[in-house]
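# Close look at the chain arrangement
If you want the building blocks of each chain, they are given just below.
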Amino acid sequence: MAETVTWKIGGEAGFGIMSAGIMLARAFSRLGYHTFATNEYPSLIRGGHNLITVRIATKRFEAMHREVHILVALNAETVTLHRDELSEGAIVVYDPNDQEWQALDFPKPVHLVAIPFKTIVTQKKAEPVMRNTVALGATVALLGAPLDVLSTVISDQFSKKGGTVITGNVEIARAGYDLVKKDAAVLSVCHLDPAEKSEPLLMINGSEAVGVGAVRGGLKFAAIYPMTPINSLITFLADHAKSLGIVYKQPEDEIAGINMAIGASVAGARSMVATSGGGFALMVEGLSLAGMVEAPLVIDMGMRVGPATGMPTWTEQGELLFVVRAGHGEFARIVLAPGDAGEAYKETVRAFQLADTFQTPVFVLTDKYINESQWCVPKSVFTGDIVIDRGNVADPSTLPAEGAYPRYRADSPDGVSARTFPGTKHGQYFINSYEHDDVGHATEDPAKRIAMVEKRKRKLAAIEREAPLPVVYGDEKAEITFLTWGSTKGPVLEALEMADYTIGGKKANMVHFTWVYPLPAGKVAKLLGGKKRIIDVEQNATAQFASLLREATGIEIQEKLLKFDGRPFYPEEILEKVKVKTIFR
Amino acid sequence: MPTLTADAFKTSFLPTWCPGCGDFGIWMSLKDALAKLGIGPDDGLLVYGIGCHGNMYDWMRIYDFAGLHGRALPVAQGAKLANHTLPVVVISGDGDCLGEGGNHFIHAAKRNPDVTVIIHDNQVYGLTTGQASPTAKAGFQTKSTPEGVTDEPINPLTLALTAGATFVARGFAGDIPGLSKIMAEAIKHKGFSVVDVLQPCVTFDKVHTYMWYRQRLYTLESSGYVPDTRLHAMEKAMEWGDKIPVGIFYREDKPTSEDREPALAGGPLVSLPLTVPNLDALLAEFI
C-alpha cells in the first residue's frame, strides 16, 4: 500500500498523452486524493516525445517527486528516456509490440507489465489514439481502485460526443483493467491507501485559474493573440464569452491586442491581455501608453524559456526584470507572481482591483509550469465573496457643464484622479499619449510636466505602501531561509516538508513573495535583516529577484540556487544542493 | 434642443498646421459632418494616430484619444466593443494607417467593426519634415527618396476593398461640402467605413497641389456610378492619372464585429454586470 504514487505516461504527440494524465488526476481528485499533473512536450503537433506526470497522494503535497513509481510507455522511446527515474520496485507498463524489455535493461529492479495496446485497439476496432484509454484502465487496476472511478470521468470527458463514444472508451479501458487484474494482480506495491473525501477539489491549470480569477474580478474584455503557455486562457474565455457576458477578441498581433485592451479599458470595461515573452516584447510600446493615459490594465505574462523563440514549451522565470523595466519613460506598475493555481486565481482577482484603484498596468507573472500544469485546488478557494470597486470614477451628476473635464488633476496625495468614460455627459477630456495638462491637452510647459511626472510617481509610492509582506512558511526565527517567488514555491515547500523544516540540524523556513514589485522595502529589509543564511531559489540564470531585492533593500543574497534548463526544480535536488554549505557564487 | 454647430467643438487651442494645409479642410468637414449627425463633444470618441493629422485633437473638443503611431484602429475597436453605442471615428494618416498600422487596417477591414477611418492621404510624412509615405507615387522626390520613389504605391481603396471593408470612399480636402457629405455617410454606415482624403501638403509636396487635383478630380455621383459591386469599385479605385474619381466607391450592409459578439446582445459591455451569474456551474466544469 502507498500514500503517494508518481505515474508517468509517454508517447508521441497525438497519442492523447495530456488528456490521459488529466483524466487520471481528475478521477482520483474526485475520490478525495490530492493530485497534480505536469506536462513536458516539444513544440510540435505530431511526433516528438510527449510526457505527462501525475502524482496522486492521500495527503496534500506541494510538488512532484523525482522518482517514478509507474511508467506507462506508449512507445519504446519512453522507456529509454525515463528508466533512470524509476524507483526500486517500480512498475513499467509497455507494449510488447514496440519492444520486449528485460529486467536487465533497467538500473534498478522493476516489475514489467506487458500490455499489447496496439493489439487491443485493433481487436476492438478502436482508434489508435485510444491506447491511452487502455493505459488508464490498466493504471486504475495497478492503483487498486475500481474501474468506476474512471468511467465517470470518461463519460464526462466525452459527453459532447455521445453514448457510443463513451461506451467504446469505457469498454476499452476495461480491457486494460482486466488484463492487469488477471496477470499482474500480485502487484500491490502501488495500491493507494484510501483517501478521506472532504470538500470538492478542482483540477484546474494555471491559465484557467487566471481565467476564473479574471471573470470573478470583473473582466469584460480580453484581446489575446495565441502563444504558449497561455492558450488555455483563450479557450476558457472564448468558451464562456456568451454565458459570462464578456468579449474575447483575437487580435492580429500583440500590438493590436494591448491597444484594443487599452481602448476598452478607457471606454470603461475591465480589460486584460495575456502573452509570453516574445509577445510581450511587442506590447511594450502599448504598456507605456497605458502608463501615460493611466489606463487600468491586467497583463498575464506567462514566462517560458528565452531568449527569442528559446524553448517555447518549457518553463523559466526569466522575464521578471523585463516586466519591471519594460516601457519607455517612467510610470507605475505592479507585478504579482502567483506560486500555484490557487494563487493564480487570487492574484488575478487582486490584479483587477489594483488596476482600477491605481489606474495603471498590473502584471500577473506566471510561467509555463503554473500555466499548463493541472493543480488540485479546494473549491472554497474560488468561492469567497468579491466586492468590485471601480476605484476613482467621477460621479456624472457632479460634472460641471462648462469646459473640458480635468481627468488628470494632479493634486491628489496618491496621484490617482477621477476618470470619466467616453459618452458621459460633461465628462469630455483628452486621452493623450503626449505629456498633457489636467484636461489632457498636450503640454511641454516645464511646470506642468513636473506636476504630471510627480502625479504618476506618487502612485508608485502609494502602491508601495499597499504592498503586503511575503509569507513565511515555517518558523520565523529559523536560521536558514529559502527565498522564493512565483512557481519555485511548491518545490521548496515540498523540500522543507520532506526535511521536516530542518537542514543539517538547523531550522529552515521559506519566505515566499507573490507581490514582487514594488517591494515594501523597509518592511522586507526588517524581515530579512540579520538572517544567518539566505538561499535565493530562482528558475533563471541571473538571479533576477535577488537583484530587485538588493535594489530595494541593499541586502545582497550570497547563496543562489538557480536552474535554467527549462525543467522545474525537484525538491530532492534542492535538498541535495543545500547540504553543501555554500551553493553558487 | 439647441442645434449643434461646428462651434461646439472649439477649444482654446489654435491649429498649428501650415497655412493652406489640407488638414484644415478635413477638420472643417469633420466638424460639419458630426454637427449634422448630432454627435456633440460628449457623444463620440475620436481616436488619432501620430502625424500632422494627429495634432487635430487639441483643437477638436470631443472625447479624443491621441494614441501611438499606427495604433489608432486597435484602440478604436477595443473602445467600440466596450461601448458599441458610442460613435467611434479614427483620424489617421497615410503613414500612420498604411505604414506603421498596415496590419491593423487590413484586419479591421476583415472584421467590419462599426468604426470610420479618415485617412489624411498626402503622400508624405509631414511631421518628420517630408519623407515618402506608403501612398507616394513612383518617381516622387522626397527627403527619403532623392532620386524619386521606386516602390509601388499602396492604393488605400483597393486595399480596403479586398480586405473586406463595407464602405469605401474618397474625398478631397479642397472640397469641404463634398467631403463633409461623404464623411457623414461614412459615419452613418453600420460597419467599417474608409474615407481616403486626397490632401495637398503645401510644404513638402510642390507637385500635388490644390490645382493639380482640381484639374483631375471628378465625382462618381456625376458619372452615374452605383456603388454596389465590389469588382466595379476595384476598377474605379484603380483609375488614376488625368482623371481621378472621388465619392463613394462601395457600400454594403453586413453584420458588424459587434453584432457577432453574443455578450453584446444584452447591451453595451460597460453596462453589463461584473459578477459571475452561476459560479457553481462554472466551477463544476473542473471537478
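Residues numbered from 1 in each chain as written. Chains lettered and ligands numbered in written order. Predicted model: local features only at pLDDT ≥ 70, side-chain atom pairs only at ≥ 80, totals over all residues. Heavy atoms only, no water.

### Digging into the overall build of chain A
Scanning chain A from N- to C-terminus turns up 18 helices and 22 strands. Dimensions of chain A, computed from C-alpha atoms along their principal axes, come out at roughly 85 × 60 × 45 Å. Split into buried and exposed, the 585 residues of chain A put 63% on the buried side. Partitioning the intrachain contacts of chain A with sequence separation of at least 6 by distance along the chain shows that 73% fall at a separation of at least 24. For chain A, the exposed area adds up to about 21,400 Å²; of that, 53% sits on carbon and sulfur atoms. When the 62 basic and 68 acidic side-chain charges of chain A are each reduced to a single mean position, those positions are 2 Å apart. (Helix = DSSP H or I, 4+ residues; strand = E, 2+ residues; numbered from the N terminus. Buried < 20%, exposed > 50% of the residue type's maximum accessible area, 1.4 Å probe, protein only. Contact = heavy atoms within 4.5 Å. Areas by Shrake-Rupley, 256 points an atom, 1.4 Å probe, with all protein chains shown as cover. Lys, Arg positive; Asp, Glu negative; His and termini not counted. Charge placed at Lys NZ, Arg CZ, Asp CG, Glu CD.)

### What about the interface of chain A and chain B?
Residue-level contacts link 69 residues of chain A with 53 residues of chain B. For the pair chain A and chain B, the two sides together bury roughly 5,000 Å², of which 64% comes from carbon and sulfur. Taken together, the connections running from chain A to chain B amount to four salt bridges. Notably, a salt bridge pairs B:Asp280 with A:Lys379, separated by 2.7 Å at the nearest N-O pair. The interface formed by chain A and chain B includes 27 residue pairs in polar contact (both at pLDDT 80 or more). Secondary-structure elements contributing two or more residues to the side of chain A that touches chain B are strand S7 (201-205), helix H7 (206-216), helix H8 (231-244), strand S9 (247-249), helix H9 (254-267), helix H10 (277-293) and strand S15 (430-432) of chain A. The element best represented in the side of chain A that touches chain B is H9(A), accounting for nine residues. (Buried area = accessible area lost by both parts, 1.4 Å probe. Salt bridge = Lys/Arg side-chain N within 4 Å of Asp/Glu carboxyl O. Polar contact = N/O pair within 3.5 Å; in protein donor to acceptor, adjacent residues only side chain to side chain.)

### What to know about helix H16 (residues 521-528) of chain A
All names here are of chain A. All of the buried residues along H16 are Ala521, Val524, Leu527 and Leu528. In an axial view of H16, the angular spread of the buried residues amounts to 130 degrees, which keeps them on one side of the axis. Facing away from the buried side of H16 by more than 90 degrees, the exposed set consists of Gly522 and Lys526. If you follow the buried residues of H16, they end up packed against helix H14 (446-466), strand S16 (471-473), strand S17 (480-485), strand S19 (506-513), strand S21 (533-538) and helix H17 (544-553). In the segment just after H16, Gly530 is the residue with positive phi, at about 85 degrees. (Arc of directions from axis to C-beta.)

### Observations regarding empty space enclosed by the protein
Residues and elements named next belong to chain A. Counted according to the given criterion, the structure contains six cavities of 30 Å³ or more. Taken as a whole, the largest cavity holds about 200 Å³ of empty space. Lining of the largest cavity is provided by 18 residues; of these, Thr38, Glu40, Tyr369, Pro568 and Tyr570 occupy positions nearest its centre. Sort the elements by how many residues they give to the lining of the largest cavity and strand S2 (residues 34-40) lands first, with three residues. (1 Å grid on protein atoms, 1.4 Å probe; cavity = no way out; pocket = protein on both sides within 12 Å on 5 of 7 lines; lining within 4 Å. Points joined across faces, edges and corners; volume = space filled by probe spheres on them.)

### Points about the domain arrangement of chain A
Residues and elements named next belong to chain A. When the domains of chain A are assigned, the result is domain 1 (4-183), domain 2 (203-382), domain 3 (392-466) and domain 4 (471-579). Averaged C-alpha coordinates put domain 1 and domain 4 at centres separated by 35 Å. Facing 10 residues of domain 1, the contacting portion of domain 4 comprises 11 residues. Counting the surface domain 1 buries against domain 4, the share from its top three residues, Glu62, His65 and Arg66, is 63%. Counting the contacts that link domain 1 with domain 4 gives two salt bridges. The partner of Glu576 in a salt bridge is Arg66, and the shortest N-O contact between them spans 2.5 Å. Taken together, the connections running from domain 1 to domain 4 amount to five residue pairs in polar contact (both at pLDDT 80 or more). Residue composition of the side of domain 1 that touches domain 4, by class: three nonpolar, one polar and six charged. (Domains from an automatic or database assignment. Nonpolar A, V, L, I, M, F, W, Y, C, P; charged D, E, K, R; others polar.)

### Notes on the nonpolar core
Within the largest apolar cluster, 98 residues are counted, with the highest numbers of intra-cluster contacts made by A:Ile262, A:Phe280, A:Phe513, B:Phe65, B:Phe105 and B:Phe192. Beyond its immediate stretch of four places on either side in the chain, A:Phe513 contacts A:Ala337, A:Pro470, A:Leu483, A:Thr484, A:Trp485, A:Gly486, A:Leu519, A:Val524, A:Phe545 and A:Leu549. (Core = buried A, V, L, I, M, F, W, Y, C linked by side-chain atoms within 4.5 Å.)

### Overview of the sheet that holds strand S11 (residues 297-303) of chain A
All names here are of chain A. Overall, mixed pairing links the seven strands, which are arranged S9-S8-S10-S11-S13-S12-S20 in an open sheet. Two strands in the sheet have a free side with no partner beyond their single neighbour: S9 and strand S20 (515-517). Shown here is a sheet whose adjacent strand axes are inclined to one another by a mean of 25 degrees, direction ignored. Together, strand S8 (221-223), S9, strand S10 (271-275) and S11 form the strand contacts of H9, whose direction differs from that of S10 by roughly 165 degrees. (Pairing = 2+ DSSP bridges. Axes fitted to C-alpha atoms, helices over the stretch in contact; angles between N-to-C directions.)

### Topic: the packing of aromatic side chains
According to the stated counting rule, one finds 22 aromatic pairs over all chains in the structure shown. The ring of A:Phe61 carries the charged tip of A:Arg55 above its face, separated from the ring centre by 4.0 Å. The ring of B:Trp27 carries the charged tip of B:Lys31 above its face, separated from the ring centre by 3.5 Å. (Phe/Tyr/Trp six-rings, centres within 6.5 Å; stacked < 30°, edge-to-face > 60°. Lys NZ or Arg CZ within 6 Å of the ring centre and 35° of its normal.)

### Let's talk about the side chain of A:Lys368
Residue and element names in this part refer to chain A. With respect to the secondary-structure elements, Lys368 resides in helix H13 (residues 368-372). Lacking a salt bridge, the buried Lys368 has Glu372 as its closest oppositely charged neighbour, with an N-O distance of 4.3 Å. With residues up to four places along the chain from it excluded, the contact list for Lys368 reads Asn39, Glu40, Tyr41, Pro229, Met303, Thr313, Trp314, Thr315 and Ser373.

### With respect to the pattern of salt bridges
Side-chain pairs of opposite charge can arise where the charged atoms are in close proximity. All names here are of chain A. Throughout the structure, instances matching the rule amount to 39 salt bridges over all chains. Put simply, Lys108 and Glu67 hold a salt bridge, and the shortest N to O gap is 3.3 Å. Within this pair, whereas Lys108 is found in the loop between strand S5 (86-94) and strand S6 (110-114), its partner Glu67 is found in the loop between strand S3 (47-57) and strand S4 (68-73), the two being separated by 41 residues in sequence. Residue classification places Lys108 among the partly exposed positions, given a relative accessible area of 32%. For Lys118, the salt bridge goes to Asp98, with nearest N and O atoms at 2.5 Å. With Lys118 in helix H3 (residues 117-123) and Asp98 in the loop between S5 and S6, the pair connects residues that are 20 residues apart, well separated along the chain. In this structure, a network of salt bridges that share partners links the residues Arg270, Asp356, Arg390 and Arg419.

### What to know about helix H1 (residues 17-29) of chain A
In this model H1(A) runs 19 Å from its N-terminal to its C-terminal C-alpha over 13 residues, within 8% of the 18 Å that 1.5 Å per residue would give. Inspection of H1(A) places A:Ile17, A:Ala20, A:Gly21, A:Met23, A:Leu24, A:Ala25, A:Arg26, A:Ala27, A:Phe28 and A:Ser29 among the buried residues, and these make up the whole buried set. (Expected span 1.5 Å × (residues − 1).)

### Points about the sheet that holds S15(A)
With respect to topology, nine strands assemble into an open sheet ordered S15(A)-S2(B)-S1(B)-S3(B)-S4(B)-S8(B)-S7(B)-S10(B)-S9(B), the strand pairing being mixed. Every interior strand has two partners, whereas the edge strands, S15 of chain A together with strand S9 (217-219) of chain B, have only one. Strand after strand, the sheet turns through a mean of 20 degrees between neighbouring axes, direction not considered. As judged from the six bridges shared by strand S7 (residues 167-172) of chain B and strand S8 (residues 193-198) of chain B, these two strands associate in the parallel manner. Bridging from a neighbouring strand, B:Phe172 pairs with B:Leu198 of S8(B). Docked against the sheet, helix H6 (residues 176-188) of chain B engages strand S3 (88-93), strand S4 (116-121), S7, S8 and strand S10 (244-251) of chain B, running at close to 160 degrees with respect to S7(B).

### A look at the state of the cysteines
Linking two cysteines covalently through their sulfur atoms gives a disulfide. Residues and elements named next belong to chain B. According to the stated counting rule, one finds zero disulfides over all chains in the structure shown. Lacking any disulfide linkage, Cys52 is separated from the closest cysteine sulfur, that of Cys21, by 6.2 Å. With no disulfide of its own, Cys201 has Cys18 as its nearest cysteine by sulfur position, at a separation of 6.5 Å. Judged by its relative accessible area of 9%, Cys201 is buried. (Disulfide = S-S within 2.5 Å.)

### Topic: the pairing of strand S2 (residues 63-66) of chain B
One face of the sheet, then the other: side chains in a regular strand alternate in exactly this way. Where burial is concerned, the two faces of S2(B) agree: the one with B:Tyr63 and B:Phe65 and the one with B:Asp64 and B:Ala66 are both buried. Of the strand pairs in this sheet, S15(A) and S2(B) are connected by three bridges, and their pairing is parallel. Bridged to A:Ile431 within S2(B) is B:Phe65.

### Thoughts on the layout of surface pockets
Residue and element names in this part refer to chain A. Approximately 520 Å³ is the volume found for the second largest pocket. Lining the second largest pocket are 31 residues, and of these Arg60, Asp340, Gly342, Glu343 and Lys489 lie nearest its centre. Those elements that provide at least two residues to the lining of the second largest pocket are S2, helix H12 (341-358), strand S14 (374-378), S16, helix H15 (489-498) and S19. Top element by residues in the lining of the second largest pocket is H12. It accounts for six residues. Of the residues belonging to the lining of the second largest pocket, the class tally is 17 nonpolar, six polar and eight charged.

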